[in-house]
Amino acid sequence: MDAEGLGWLLVPLHQLVSWGAAGAMVFGGVVPYIPQYRDIRRTQNAEGFSTYVCLVLLVANILRILFWFGRRFEAPLLWQSVVMILAMLLMLKLCTEVRVASELTLHRRVFADLEPRHFWRWSRFGDYVQCVLAFSGVAGCVTYLSLDSALFVESLGFLAVLTEAMLGVPQLCRNHRHRSTEGMSIKMVLMWTSGDTFKTAYFLLNGAPLQFSVCGLLQVVVDLAILGQAYVFTRHPLKPAPHAAHPASAKAL
């Protein structure tokens, strides 16, 4: 009777934990960007946030969704990509509106001009949407025509998660180049580290494709390296040059 009663308790508890983990997986990736979104709205200043972060995450998650058509994986990972795409589009919309409102020039940069020097610096949110749709259409057609190739499908999955895993590398290089982490949010890096650790554990425990686990581990290593830089550069700071300014974090801000 005791064992029967314990089983009756453990089954719904296990189900509840599974739902909680799935929910954290779906929505946890966008949490670090919520404070940044609120800060931009409050200050009406988007200079501290690089919209190339949005570009990398949009590309990575579009490729991950396409990978799902070739090799089905956990549904929460699929929905995580959908939520992240929507979140990055919202960030782009806000950043574009704030930047355009502060620009003095009347010249409008549009996606249809196809000018490389203005890439991802357009004046309307609609142009970013056009670019995302164009990329999705081209990548979708290539994927559809190549779904029978196991090599292509596996390479697509690896490219998707590797793109996302490399998101922190520019920040790592910037810190090394300047021998400083000034302008970088330690709180944000801690949130990435905890989120990436949870995500990697989820991949390993749920038997996600190997690409997910390998690149998840790589993300954790990059996050820990950035935290290590923060520790070393804080204990052994360089004497700042007069009027020197350090750019803001490419991933955190």
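An unreviewed UniProt entry lists the chain under the name Solute carrier family 66 member 2, from Balaenoptera musculus. The heading Subcellular location (unreviewed entry) in the UniProt record of the chain holds the text "Membrane".

Novice: Can you walk me through the overall build of the chain in this structure?
Specialist: Looking only at helices and strands, the chain has nine helices and zero strands in total. In sequence order, the chain lays out its α and β elements as α-α-α-α-α-α-α-α-α.

Novice: Just to check I follow, could you spell out helix α8 (residues 186-205) for this structure?
Specialist: Residues that lie three or four places apart on an α-helix share one face, since the helix turns once every 3.6 residues. For α8, built from 20 residues, the straight-helix expectation of 28 Å at 1.5 Å per residue is met to within 8% by its first-to-last C-alpha distance of 29 Å. Where α8 is concerned, the buried positions are Met188, Val189, Trp192, Thr193, Asp196, Lys199, Thr200, Tyr202 and Phe203. With its phi angle positive at about 65°, Gly207 sits one or two positions after the end of α8.

Novice: Where do I start with the packing of aromatic side chains in this structure?
Specialist: Counted under the stated rule, the structure contains eight aromatic pairs. For the pair Phe111 and Trp122, a centre-to-centre distance of 5.3 Å together with 80° between the ring planes defines the contact as edge-to-face. Here Phe111, found in the loop between α4 (75-102) and α5 (125-146), pairs with Trp122, found in the loop between α4 and α5; they are eleven residues apart in sequence, far enough to count as distant. The residues Phe111 and Trp122 share a single accessibility class, namely buried. Seen in terms of ring centroids, Trp120 and Trp122 are 5.7 Å apart; in terms of plane orientation they differ by 65°. Their pairing is edge-to-face. Through successive ring pairs, a cluster of aromatic residues spans Phe111, Phe119, Trp120, Trp122 and Tyr128. Seen from the ring of Trp68, Arg72 lies directly overhead, with NZ or CZ sitting 3.9 Å from the centre.

Novice: Mind showing me how you'd approach the packing of α5 against helix α6 (residues 150-165) here?
Specialist: Each pair of packed helices can be summarised by the angle the axes make with each other and by the distance between the axes. With their axes 9 Å apart at the nearest point, α5 and α6 run at an angle of 145° to one another. Across the interface between the two elements, Val142, Thr143 and Ser146 from α5 touch Phe152, Val153 and Leu156 from α6.

Novice: Which parts of the structure should I look at to understand the pattern of salt bridges?
Specialist: Think of it this way: side chains of opposite charge can pair up when their charged atoms draw near. Enumeration according to the criterion identifies eight salt bridges in this entry. Lys93 is the salt-bridge partner of Glu97, the closest N and O atoms lying 2.6 Å from each other. In this pair, Glu97 and Lys93 both sit in helix α4, four residues apart, roughly one turn of the helix. Accessibility expressed as a relative area gives 44% for Glu97, which makes it partly exposed. Note on Lys93: relative accessible area 36%, which makes it partly exposed. Three or more residues are tied together by salt bridges with common partners; here these are Arg64, Glu164, Asp196 and Lys199.

Novice: Help me out: how do you make sense of the UniProt feature "transmembrane region" (unreviewed entry) in the chain in this one?
Specialist: When the UniProt feature table is mapped to this numbering, "transmembrane region" (unreviewed entry) covers residues 16-37, 49-71, 77-95 and 125-145. End-to-end, the C-alpha atoms of residues 16-37 are 31 Å apart, and along that stretch the chain is 77% helix and 0% strand. End-to-end, the C-alpha atoms of residues 77-95 are 27 Å apart, and along that stretch the chain is 100% helix and 0% strand.

Novice: Help me out: how do you make sense of the packing of α8 against helix α9 (residues 210-235) in this one?
Specialist: Direction vectors running N to C along α8 and α9 enclose 155°, while the axes themselves pass 9 Å from each other. Of the possible angle classes, the one that applies to α8 and α9 is roughly antiparallel. Viewed along their axes, α8 and α9 form a crossing whose handedness is left-handed. Contacts from Ile186, Val189, Leu190, Trp192, Thr193, Asp196, Thr197, Lys199, Thr200, Phe203 and Leu204 of α8 reach α9 at Phe212, Ser213, Gly216, Leu217, Gln219, Val220, Asp223, Leu224, Ile226, Leu227 and Ala230. Residue composition of the contact of α8 with α9, grouped by class: 13 nonpolar, six polar and three charged.

Novice: Looking at this model, I keep getting lost on the nonpolar core. Mind explaining?
Specialist: Grouped burial of nonpolar side chains is what soluble globular proteins tend to show. Core analysis: the biggest nonpolar cluster contains 49 residues, and Ile40, Phe49, Leu58, Leu77, Met88, Trp120 and Phe212 have the highest contact counts within it. Of the residues forming this core, the biggest block, 13 residues, is contributed by α4. When neighbours within four sequence positions are excluded, Ile40 is seen to be in contact with Asn45, Ala46, Phe49, Met91, Leu94, Cys95 and Val98. Counting residues in hydrophobic clusters, the runner-up holds five residues, among them Met188, Val189, Trp192 and Val222.

Criteria and thresholds
- Just so you know, the residues in each chain are numbered from 1, in the order the chain's sequence is written.
- Restriction of local features to residues with pLDDT of at least 70 applies here, the model being predicted, together with a cutoff of 80 or more for giving and counting side-chain atom pairs; totals for whole chains, interfaces and linings are based on all residues.
- To obtain the side-chain values, all non-hydrogen atoms of the structure were used and water was disregarded.
- UniProt positions are given in the numbering used here, feature names are shortened, and annotations may be inferred rather than shown by experiment.
- Helix numbers and strand numbers start at the N terminus; a helix is a DSSP run of H or I with at least 4 residues, a strand a run of E with at least 2.
- Expected span of a helix: the number of residues minus one, times 1.5 Å.
- Each residue's exposure class comes from its accessible area (1.4 Å probe, protein chains only) as a fraction of the maximum for that residue type: buried when under 20%, exposed when over 50%, partly exposed otherwise.
- In this scheme Phe, Tyr and Trp rings, the latter by its six-membered ring, pair at centre separations within 6.5 Å, and the angle between planes marks the pair as stacked below 30 degrees, edge-to-face above 60, and tilted otherwise.
- Remark: a charge is flagged as sitting over a ring if the NZ atom of Lys or the CZ atom of Arg is within 6 Å of the ring centre and within 35 degrees of the ring normal.
- To obtain an axis, a line is fitted to C-alpha atoms, over the contacting stretch when the element is a helix, and the angle between two such axes runs from 0 to 180 degrees between their N-to-C directions.
- By the convention used here, residues are in contact when the closest approach between their heavy atoms is within 4.5 Å.
- Salt bridge, as applied in this entry: a Lys or Arg side-chain nitrogen positioned within 4 Å of an Asp or Glu carboxyl oxygen.
- Between 65 and 115 degrees an angle is taken as roughly perpendicular, under 35 as roughly parallel, over 145 as roughly antiparallel, and anywhere else as oblique.
- What makes a crossing left-handed is the near helix being turned counterclockwise from the far one by less than a right angle; a clockwise turn instead makes it right-handed.
- Residue classes follow a fixed rule: Ala, Val, Leu, Ile, Met, Phe, Trp, Tyr, Cys and Pro count as nonpolar, while Asp, Glu, Lys and Arg count as charged, and any other residue, Gly among them, counts as polar.
- What is meant by a nonpolar core is a set of buried Ala, Val, Leu, Ile, Met, Phe, Trp, Tyr and Cys residues, joined one to another through side-chain atoms within 4.5 Å.

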